[in-house]
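# Survey of secondary and tertiary structure
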2 protein chains.
Amino acid sequence: MDTTLRKLPVLASPRLLPAACPPALFLFPSLSMTIDDFTGFARSLAEETAPILRQHFADPGLRIDRKDDASPVTAADRAIEDLVRRRIRAAFPGEGILGEEEGLETGSASNSWILDPIDGTRSFAAGCPLFATLLGYLENGRPRFGAVFNPLLDLFCVGDGRTTRIDGREARIRTGVPLPEATLLTTDLFSAQRHQDGAAFEALLREAGMVRTWGDCFGYMLLVRGGADVMLDPIMNAWDLLPLVPILEGAGVVLSDWQGGDCTQGTSLVAASPDLHPTIIRRLNPASG
Amino acid sequence: MDTTLRKLPVLASPRLLPAACPPALFLFPSLSMTIDDFTGFARSLAEETAPILRQHFADPGLRIDRKDDASPVTAADRAIEDLVRRRIRAAFPGEGILGEEEGLETGSASNSWILDPIDGTRSFAAGCPLFATLLGYLENGRPRFGAVFNPLLDLFCVGDGRTTRIDGREARIRTGVPLPEATLLTTDLFSAQRHQDGAAFEALLREAGMVRTWGDCFGYMLLVRGGADVMLDPIMNAWDLLPLVPILEGAGVVLSDWQGGDCTQGTSLVAASPDLHPTIIRRLNPASG
C-alpha cells in the first residue's frame with residue numbers, strides 16, 4: 001500500500017485532482033452522469049464479479065498474502081480490481097481511478113473513481129460473508145455517488161447523498177434508540193487503541209446495548225438498513241471511506257471523523273443516527289470536552 | 001423460556017429421556033436412522049423454511065418480542081419452530097422434541113430431536129445473515145446427528161461425530177495456527193463477565209491474532225470450514241449446544257465446557273483446534289491453574 005495515501009486525505013492529493021482541467025479534455029460527458037447511469041454501471045460490475053467471488057469465497061486453499069502494511073490481499077481482490085479498472089477505462093476514458101490494490105491512475109478529467117475490490121478481505125478469506133465491493137464516483141473530488149455490492153448476499157446498495165436504495169428499496173437509518181439500547185458496530189476491537197483514545201472507545205462499548213464486529217462496509221449497510229445505530233472505524237483509507245459517504249448521507253446517517261470533523265478530509269469514520277452522533281463524539285473524545 | 005431447562009443439562013432431564021421404554025412403543029425404527037435419512041430430512045426442512053426466512057429477514061417492520069429471560073423472538077422463529085415440529089411429528093411419531101420457543105414435548109421413544117429455529121435471532125432481526133436453524137438428533141440422549149442450515153447463505157452442514165460435510169464437501173478444522181495468529185470468535189463480548197471469569201476472557205482476547213463476534217452457530221461453521229481457530233460461548237442452552245456436537249467432532253474440533261469438562265453436560269462451549277484447546281482452557285481458568 002502507498003502509505004502516503006493512507007496518511008494524506010486523498011482529496012488533498014494533487015495527483016488525483018488535476019487543478020485545472022479544460023472541458024475539451026473530457027472524453028465522456030461525466031458531469032452529466034446520473035444516478036441511473038451510475039447504478040447501471042455498478043450493477044453490471046456486480047454481475048461480472050460474482051463468479052470471481054463464488055470461486056474464491058470460503059476456499060480453504062485461498063492464499064492470503066500480506067501487503068507492506070500487513071493488510072491481507074488475495075487473488076480475488078486483485079482479479080476484481082483488475083476487472084473493474086478495465087471496465088472504467090473502457091466506459092469512462094480519461095477519468096482517474098484510485099483503487100486499494102493498484103493505487104492511483106491519474107486521469108485527464110476532473111471526475112474520478114474510487115474502488116475497494118473487497119472491503120473485508122479478512123472476512124472474505126475466513127468464509128464470513130460480511131464483505132463487499134465498494135465503488136465511488138467523485139465529481140471535482142467530492143463524493144457524488146457510491147455503491148456497495150455483494151452478489152453472494154444479493155446485496156446491492158447505491159446512494160447519491162439525497163437518497164439511498166438497497167435492492168431498489170429506499171433505505172433509512174432508524175432513530176429514537178437511546179445508547180443503552182443501541183446496537184454499536186465496529187470492524188475491529190483493538191485498532192482504536194492504536195489510532196485513537198482507546199480507553200474512551202472501550203468505555204463506550206460498555207455503555208451500548210449490543211456490540212458486534214459486524215464490520216467493514218457491512219456495518220454501514222446495517223445502519224442504512226435500520227438494523228443498527230452506530231458504526232465506528234478508527235482508521236480508514238480513502239477507498240473504503242469515500243464510496244460510503246453518499247450512501248450514508250442519503251439514508252439520513254450523520255457522519256464525521258473520530259473527532260467530529262469532516263470525514264472526507266480524514267482517515268476515520270463515526271456514523272450514527274442523528275440522535276446519537278453528538279453523544280458518541282463526546283464519549284470518544286473525553287479529553288476535548 | 002423454561003429456566004429449569006437452562007440450568008439443568010437437558011441430558012439429565014428425566015422428562016426428555018424416559019428411563020425405560022419398551023421397544024414395542026417405537027412407532028418408527030429410529031435406531032436405524034442413518035446420516036442419509038437425517039440429511040434428507042434436514043434438507044427438506046431447509047427448503048421449507050427458506051421462504052419464511054426470506055420474508056422476514058432485514059425487514060425493518062419485523063417486531064422483536066422479548067421473552068421472560070429478555071432473549072429476543074420474532075414471528076420467524078415461531079413459524080419455523082412450528083413447521084419443524086409438525087414435520088417431526090409426522091415423520092417420526094413418538095419421538096421427543098425440545099425446541100427453543102415451545103419447550104419440551106416428551107415422546108414415547110428413546111430418541112429425540114432438538115431444535116433452535118433461528119440461532120442468532122438478534123443477528124437475523126438486525127439484517128445480519130450470521131444466523132441459522134439448528135437441528136439435532138439424540139439417540140438415548142446422546143447427540144448423534146446435527147445439522148445447521150441457512151438458505152439465505154446457501155449453507156447446509158451436517159455431521160455425525162465422525163464426518164462433517166458443508167454443502168456436500170468434507171469439512172475440517174485447520175491446525176498449526178498459534179494463538180498470536182489465531183482467529184478467535186465469540187457471540188457477545190460481555191456475557192463472559194456475567195457467567196465466567198470475565199477478566200481472564202478479556203485478557204485472552206488481547207492475546208489472539210484477530211477477534212470477531214461472528215457468533216452464534218455461524219462462528220462454529222467458520223471453525224469447521226477452516227476459517228477460524230477458536231469459538232467461545234460462556235452461556236448456552238441445550239438447543240443451541242447439542243446439535244453442534246456431532247458437527248464439531250466430525251470436523252476434528254476439540255470441545256469442552258468453559259472449564260474443560262464434558263460440554264454435553266454443561267451450559268457453555270469452548271471449541272478449538274487440537275493445538276489450541278488446552279491453552280484456551282488454561283487461559284480462561286487461571287484460578288484453577
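The structure under discussion appears in the preceding block.
Below: a short report on this structure. (Residues numbered from 1 in each chain as written. Chains lettered and ligands numbered in written order. Predicted model: local features only at pLDDT ≥ 70, side-chain atom pairs only at ≥ 80, totals over all residues. Heavy atoms only, no water.)

### As for the overall build of chain A
- Helices and strands together make up the secondary structure of chain A, namely 10 helices and 15 strands.
- Per-residue burial for chain A yields a buried fraction of 63% across its 289 residues.
- Carbon and sulfur atoms make up 51% of the accessible area of chain A, which amounts to about 10,800 Å² in all. (Helix = DSSP H or I, 4+ residues; strand = E, 2+ residues; numbered from the N terminus. Buried < 20%, exposed > 50% of the residue type's maximum accessible area, 1.4 Å probe, protein only. Areas by Shrake-Rupley, 256 points an atom, 1.4 Å probe, with all protein chains shown as cover.)

### Focus: the packing of aromatic side chains
All names here are of chain A.
- Enumeration over the complete set of coordinates arrives at 24 aromatic pairs over all chains.
- Members of the aromatic cluster, connected to one another through ring pairs, are Phe38, Phe41, Phe92, Trp113, Tyr137 and Phe145.
- Just above the ring of Phe156 sits the side chain of Arg43; from NZ or CZ to the centre is 4.1 Å. (Phe/Tyr/Trp six-rings, centres within 6.5 Å; stacked < 30°, edge-to-face > 60°. Lys NZ or Arg CZ within 6 Å of the ring centre and 35° of its normal.)

### Let's talk about the sheet that holds strand β5 (residues 111-119) of chain B
Residues and elements named next belong to chain B.
- The strand order across the open sheet built from 8 strands is β4-β3-β5-β6-β7-β8-β9-β10, with neighbouring strands paired in mixed fashion. Strands at the two margins of the open sheet, each flanked by one partner only, are β4 (103-105) and β10 (169-170).
- Pairing geometry for strand β3 (residues 96-99) and β4, over 3 bridges, is antiparallel. Bridged to Gly99 within β4 is Gly103. (Pairing = 2+ DSSP bridges.)

### Notes on the packing of helix α2 (residues 35-56) of chain B against helix α3 (residues 75-91) of chain B
All names here are of chain B.
- Where α2 meets α3, the axes come as close as 10 Å, and the angle between the chain directions of the two elements is 155°. Compared by their axis directions, α2 and α3 come out roughly antiparallel. Here the hand of the crossing between α2 and α3 comes out right-handed. Residues Phe41, Leu45, Glu48, Thr49, Ile52, Leu53 and His56 of α2 form the contact with α3, whose own contacting residues are Ala75, Ala76, Ala79, Ile80, Leu83, Val84, Arg87, Ile88 and Ala91. (Axes fitted to C-alpha atoms, helices over the stretch in contact; angles between N-to-C directions. Parallel < 35°, antiparallel > 145°, perpendicular 65-115°, else oblique. Left-handed = near helix turned anticlockwise from the far one by under 90°. Contact = heavy atoms within 4.5 Å.)

### Some points on the interface of chain A and chain B
- Listed by partner, the interface residues are 28 residues for chain A and 28 residues for chain B.
- Buried area between chain A and chain B, summed over both chains or domains, comes out near 2,500 Å², and the portion from carbon and sulfur atoms is 61%.
- It is Phe190(A), Arg212(A) and Trp214(A) in chain A that bury the most area against chain B; as a group they hold 21% of the surface buried on that side.
- For the interface between chain A and chain B, the tally reads 4 salt bridges.
- Residues Arg206(A) and Glu202(B) are paired through a salt bridge, measuring 3.0 Å at the closest nitrogen-oxygen approach.
- Our enumeration of links across chain A and chain B arrives at 11 residue pairs in polar contact (both at pLDDT 80 or more). (Buried area = accessible area lost by both parts, 1.4 Å probe. Salt bridge = Lys/Arg side-chain N within 4 Å of Asp/Glu carboxyl O. Polar contact = N/O pair within 3.5 Å; in protein donor to acceptor, adjacent residues only side chain to side chain.)

### Some words on the side chain of Thr183(A)
- Residue position: Thr183(A) is located in strand β11 (residues 183-186).
- Setting aside residues up to four positions removed in sequence, Thr183(A) forms contacts with Arg174(A), Met210(A), Gly227(A), Ala228(A), Asp229(A) and Val230(A).

### What about the pattern of salt bridges?
All names here are of chain A.
- Inspection of every chain in the model, using the stated rule, returns 32 salt bridges over all chains.
- Between Glu207 and Arg283 there is a salt bridge; the shortest N-O distance is 2.5 Å. Taken as a pair, Glu207 in helix α6 (residues 198-207) and Arg283 in helix α10 (residues 277-284) lie far apart in primary sequence, 76 residues in all.
- Residue Glu207 is classed as partly exposed on the basis of its relative accessible area, which comes to 33%.
- You can call Arg283 partly exposed: its relative accessible area is 32%.
- Within the structure, one salt-bridge network assembled from shared partners comprises Glu81, Arg85, Arg89, Glu102 and Glu105.

Structural measurements only, silent on function.
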